[in-house]
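Architecture and fold: a report
This is what each chain is made of:
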Amino acid sequence: MLKGKHLIDPMDFTTDEIEEIFKLADQIISCQREFAHICDGKLLATLFYEPSTRTRFSFEAAMLRLGGQVIGFSEPNSSSVSKGESVADTIKTVGCYADIAVMRHPKEGAPKVASMYSEMPVINAGDGGHQHPTQTLTDLLTIRSAKGRLNDLTIGCCGDLKFGRTVHSLIKALSRYENNKLVLISPSELKVPDYIKKEILEKNNIEFIEVEKLEDVIDKVDILYMTRVQRERFFNEDDYIRLRDRYILDKEKMNKASEEMIVLHPLPRVNEISCEVDDDPRAYYFKQAKYGMYVRMALIAKLLGVK
Amino acid sequence: MLKGKHLIDPMDFTTDEIEEIFKLADQIISCQREFAHICDGKLLATLFYEPSTRTRFSFEAAMLRLGGQVIGFSEPNSSSVSKGESVADTIKTVGCYADIAVMRHPKEGAPKVASMYSEMPVINAGDGGHQHPTQTLTDLLTIRSAKGRLNDLTIGCCGDLKFGRTVHSLIKALSRYENNKLVLISPSELKVPDYIKKEILEKNNIEFIEVEKLEDVIDKVDILYMTRVQRERFFNEDDYIRLRDRYILDKEKMNKASEEMIVLHPLPRVNEISCEVDDDPRAYYFKQAKYGMYVRMALIAKLLGVK
Amino acid sequence: MLKGKHLIDPMDFTTDEIEEIFKLADQIISCQREFAHICDGKLLATLFYEPSTRTRFSFEAAMLRLGGQVIGFSEPNSSSVSKGESVADTIKTVGCYADIAVMRHPKEGAPKVASMYSEMPVINAGDGGHQHPTQTLTDLLTIRSAKGRLNDLTIGCCGDLKFGRTVHSLIKALSRYENNKLVLISPSELKVPDYIKKEILEKNNIEFIEVEKLEDVIDKVDILYMTRVQRERFFNEDDYIRLRDRYILDKEKMNKASEEMIVLHPLPRVNEISCEVDDDPRAYYFKQAKYGMYVRMALIAKLLGVK
């Protein structure tokens, strides 16, 4: 039973609980109309202390497509947080108006604190560089929908594997399913941190290799997860430009990949994936955004206990 | 009949009209579901020329929970007020789209001007340090729900009684009911202004005392209304810190109070009330926020004439 | 069939297609209730990269009054456009959540680019000083409703005819209907550009005169379209003040006009029209705002193919 629970860390739910959400997402995808009113009379509060249009739109669209309604703010300036109120008081007050809340916050741990004082479910929509659990659910549902399974897969992760929050969460999540293999593709400066290798990969006996060149391994992966190399991670512009351009996915590289491979990206992309790839049927990153909405519909319904 | 009226000043409505709103609020509280569609097809415009998340959320949740819909802005920057349009023109244009409007404005009197040019009802949601009538309705409904009456009460008001808009309005409102007594608790620098004593309290023969120490009188009040001591009211930081801390309500003080006393606060609090008090059943300030939504539901329904 | 089309340029639709929209608008005006649910389950995204409360409110009210729902942002700061995403990627992602989008953008051509990559209909709600097609539809519907026709009319356009985007679009639109005459009233510094005279008026054999004084011609027009003289168009403040005040419409000038003349203005006005004119039954500018909402209701319904 997920009713009344919070979702703060991608690992908060068991694989069984996640499967429960995915099964509901499947049903919603196959017949959205049937679910158009299951949240009638319910109210979602979107508390974005940091702007994130994409994530906010996805949650709001999810709630509205279930028949629910939305109140919220999209940046701290348009809210009255400046009056010095604690996160605890804010969530308790918002709980007087809404039935479920989504919080994005620049400070790590803020959604966790909120959940500790909240009588309604709180969903973490990103806290600093920390956690973004609904992105992980999105990634998993996309893989599951494309491949029919979450085990026995070879997943390539490409780009900034050092700071990339979404990749770390995805690696942790995939480590819970059987017989997955990881191909970690990054410049040496941006390799996966040691604690992930030791505490996640080795502990769970996950086979993995680390390489520098995307071309060398693209034919071996079932899934290629591309990530943005963020300008703000670098000390100087030269390093940024040199590294950013090294991993651009283009038609030439795609020609070497399997016909069944799919390409994922959490979006927004800058130029890690060339636009010429967009029309390739293996380009799944916009479909992924759509799965993001569906998985949030399922999640909201489950936490509210209406399904 | 309240249909089509504006609410600008807390004293705009007679006690009979206020009772009419409260009776509807009672019905909504006892069976919210019955009212879930009474505003179907109606549109509320929230015009916040100054951010106030709490108040805006309360109004928006109220309208959405009645089946209505909301358009609005939450701060002047995201609106086109910079183009030099008058409040009169703005409200006339918004009246083309919406059925009822809520306005918060940094300039005293702006909602009044809007109401003079508006064909739809206008609700003042705070104009500068001036009026905030739905806060007063919230306070009254909370007292009435907790105590079963608005007369024969001893009300303690504590904190900044000089500049506190909500306290002034509450004193005026309570002066219209029989046999209420006031205990005014504040540092001498922040006492209730003379005009309130003369024109409201003495004129209406309201018994009152002024004291400096909360501990001395906490056992004598039925209601303790705490207010925030705002930093911006002081010339220097030292005065602020000294006075702010003097009136903190904590467990020790609560132990001296009656079992039937209730504590109110308009929120947000900074530290006027210690968090250790939150779990005390006499702590009513979060319930008060909930009553705020219910009273706005009733108010909107009455002004639109749908109930 | 307008289903699935975009509206980027006021001339994108044929006069037949426009008539189709107007006929639906007529039906909506005569019985709004019948259309209160035709967009149930549909989602409009309002993407305002530049604030414009009036236009945004009009679109949002239109969608909500058809039973649809809205997600959106009202200024670029509260969105994540700063992450360097292309308009193409943004519209493709938003298309995962919404069924139709409205875009306002400071850069000319941005909505056009968006429409090229979008699978859902895109409506241009203003791109820089370029196009604002729903304002033109609003103007035409207002004239058609007041006069019963869009041909055989003498239309006076007064104010800034050089930079005024709305006037240029209106002139182009009216040139497609038979036997209209134009009276162009402006200071010599702000006359209609030559390309409009040559490529629109002369090419379509539209009779027109250019005058400097409003008083001289006000009795000859069926419609007087007033426009704002924008401060930002002038190099110095003196020129602005001198020219702005020259064309103020007041009671005295109205006395010289026909009883059947109507006054339009795209709003917001500053002081081009004296407030004393507002109560004149010929003052149509607030009604025009209302027609703006109706025409957007009809447009949304047509592009979505629900009517």
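Each chain has its residues counted from 1, running along the sequence as written. A letter from A marks each chain and a number from 1 marks each ligand, given out in the order of writing. Restriction of local features to residues with pLDDT of at least 70 applies here, the model being predicted, together with a cutoff of 80 or more for giving and counting side-chain atom pairs; totals for whole chains, interfaces and linings are based on all residues. Side-chain numbers here rest on the full set of heavy atoms in the structure, without hydrogens or water.

Next up on the list: the relation of the copies chain B and chain A. Two chain copies, one operation linking them: a rotation about an axis together with a shift along it. The copies were overlaid with a least-squares fit restricted to C-alpha atoms from residues scoring a pLDDT of at least 70 in each copy. Least-squares fitting of chain B to chain A yields an RMSD of 0.0 Å, with the transformation described by 0.0 Å of translation along the axis and a rotation of 120°. Considering both components of the superposition, the chain copies are consistent with a three-fold axis. When the interface residues of chain B are mapped onto chain A, a mere 8% of them are again interface residues, pointing to distinct binding faces. Should any heavy atoms of two residues lie within 4.5 Å, those residues are counted as being in contact.

With 24 residues of chain B at the contact, the number on the chain A side is 24 residues. Area buried by chain B at its contact with chain A is led by B:Phe57, B:Arg65 and B:Phe286, which between them contribute 27% of it. Any Lys or Arg side-chain nitrogen located within 4 Å of an Asp or Glu carboxyl oxygen qualifies as a salt bridge. Scanning the region where chain B abuts chain A turns up four salt bridges. Polar contacts, as used here, are pairs of N or O atoms within 3.5 Å; protein pairs need one atom able to donate a hydrogen and one able to accept it. Residues neighboring in sequence count only if both atoms are side-chain atoms. For the pair chain B and chain A, the number of links is eight residue pairs in polar contact (both at pLDDT 80 or more). For the side of chain B that touches chain A, the elements supplying multiple residues, two or more each, are helix H2 (53-65) and helix H11 (285-304) of chain B. Top contributing element to the side of chain B that touches chain A by residue count: H2(B), with nine residues. When two parts are put together, the accessible area they lose, computed with a 1.4 Å probe and summed over both, is reported as buried area. Helix and strand labels come from DSSP, where a helix needs a run of H or I of at least four residues and a strand needs a run of E of at least two; each type is numbered from the N terminus.

Residues and elements named next belong to chain B. Note on pairing: two strands pair once DSSP finds at least 2 bridges between them. Strand order in the open sheet formed by four strands is S2-S1-S3-S4, and the pairing between neighbours is parallel. Each having just a single partner strand, strand S2 (69-73) and strand S4 (122-127) make up the two edges of the open sheet. This sheet shows a mean twist of 15° between the axes of neighbouring strands, independent of strand direction. By the bridge criterion, five bridges tie strand S1 (residues 43-48) to S2 in an arrangement that is parallel. Bridge pairing in S2 places Ala45 opposite Ile71. Only the stretch in contact is used when fitting a helix axis, every axis being a line fitted to C-alpha atoms; angles between N-to-C directions are given from 0 to 180 degrees.

Time to look at the pattern of salt bridges. Under the defined criterion, the tally for this structure stands at 45 salt bridges over all chains. For B:Asp280, the salt bridge identified is with B:Arg282, shortest N-O distance 2.9 Å. Note on exposure labels: buried denotes an accessible area under 20% of the residue type's maximum, exposed denotes more than 50%, and partly exposed covers the range between, all computed with a 1.4 Å probe on protein chains only. Classification of B:Asp280 by relative accessible area gives buried; the value is 18%. With its nearest N and O atoms 3.3 Å apart, the salt bridge here joins C:Glu60 to C:Arg56. Here C:Glu60 and its partner C:Arg56 are both found in helix H2 (residues 53-65), four residues apart, which amounts to about one turn of the helix. Residue C:Glu60 shares its accessibility class with C:Arg56, and that shared class is buried. The network of salt bridges with common partners includes A:Asp89, A:Lys92, B:Arg269 and B:Asp278.

Residue and element names in this part refer to chain A. The split of the chain into domains comes from an automatic or database domain assignment. Domain annotation for chain A reports domain 1 (15-131 + 292-304) and domain 2 (134-288). Taken residue by residue, the interface counts 21 residues in domain 1 and 16 residues in domain 2. Our count for the domain 1 to domain 2 interface comes out at two salt bridges. The closest approach of N and O atoms between Asp26 and Arg144, which form a salt bridge, is 3.0 Å. Viewed at the interface, domain 2 and domain 1 are joined by five residue pairs in polar contact (both at pLDDT 80 or more). If you list the elements that add at least two residues to the side of domain 1 that touches domain 2, you get helix H1 (15-30), helix H2 (53-65), strand S4 (122-127) and helix H11 (285-304). Per element, the largest residue contribution to the side of domain 1 that touches domain 2 is seven residues, and it comes from H1. Its residues assigned to classes, the side of domain 1 that touches domain 2 shows seven nonpolar, seven polar and seven charged. Classification used: nonpolar for Ala, Val, Leu, Ile, Met, Phe, Trp, Tyr, Cys and Pro, charged for Asp, Glu, Lys and Arg, polar for all others including Gly.

We now examine the interface of chain A and chain C. Each partner contributes to the interface: chain A provides 24 residues, whereas chain C provides 24 residues. Between chain A and chain C, the buried area comes to about 2100 Å², and carbon and sulfur atoms account for 52% of it. A per-residue breakdown of the area chain A buries against chain C is headed by A:Phe57, A:Arg65 and A:Phe286, which together make up 28% of the total. Here chain A is connected to chain C by four salt bridges. A salt bridge links A:Arg54 to C:Glu85, with the shortest nitrogen-to-oxygen separation between them at 2.3 Å. Taken together, chain A and chain C are joined by nine residue pairs in polar contact (both at pLDDT 80 or more). With nine residues, H2(A) is the largest single contributor of residues to the side of chain A that touches chain C. Here the side of chain A that touches chain C is built from residues that sort into ten nonpolar, five polar and nine charged.

Residues and elements named next belong to chain B. With respect to the secondary-structure elements, Ser186 resides in the loop between strand S6 (181-185) and helix H7 (194-202). With relative accessibility at 3%, the residue Ser186 sits in the buried group. For Ser186, the residues in contact, after removing those within four places along its chain, are Gly159, Leu161, Lys191, Val211, Glu212 and Tyr247.

Of the residues making up helix H7 (residues 194-202) of chain C, those classed as buried are C:Ile196, C:Lys197, C:Ile200 and C:Leu201. Taken end-on, H7(C) shows its buried residues confined to a sector of 115°, consistent with a single buried face. To obtain the arc, one takes the directions from the helix axis to the C-beta atoms.

Residues and elements named next belong to chain B. In terms of burial, strand S3 (residues 100-105) is largely enclosed, as six of its six residues are buried. Residues of S3 alternate between two faces, with Ile100, Val102 and Arg104 on one and Ala101, Met103 and His105 on the opposite face, all of them buried. Sheet topology note: the S1/S3 ladder contains five bridges and is parallel. Paired with Leu47 across the two strands is Met103, which belongs to S3.

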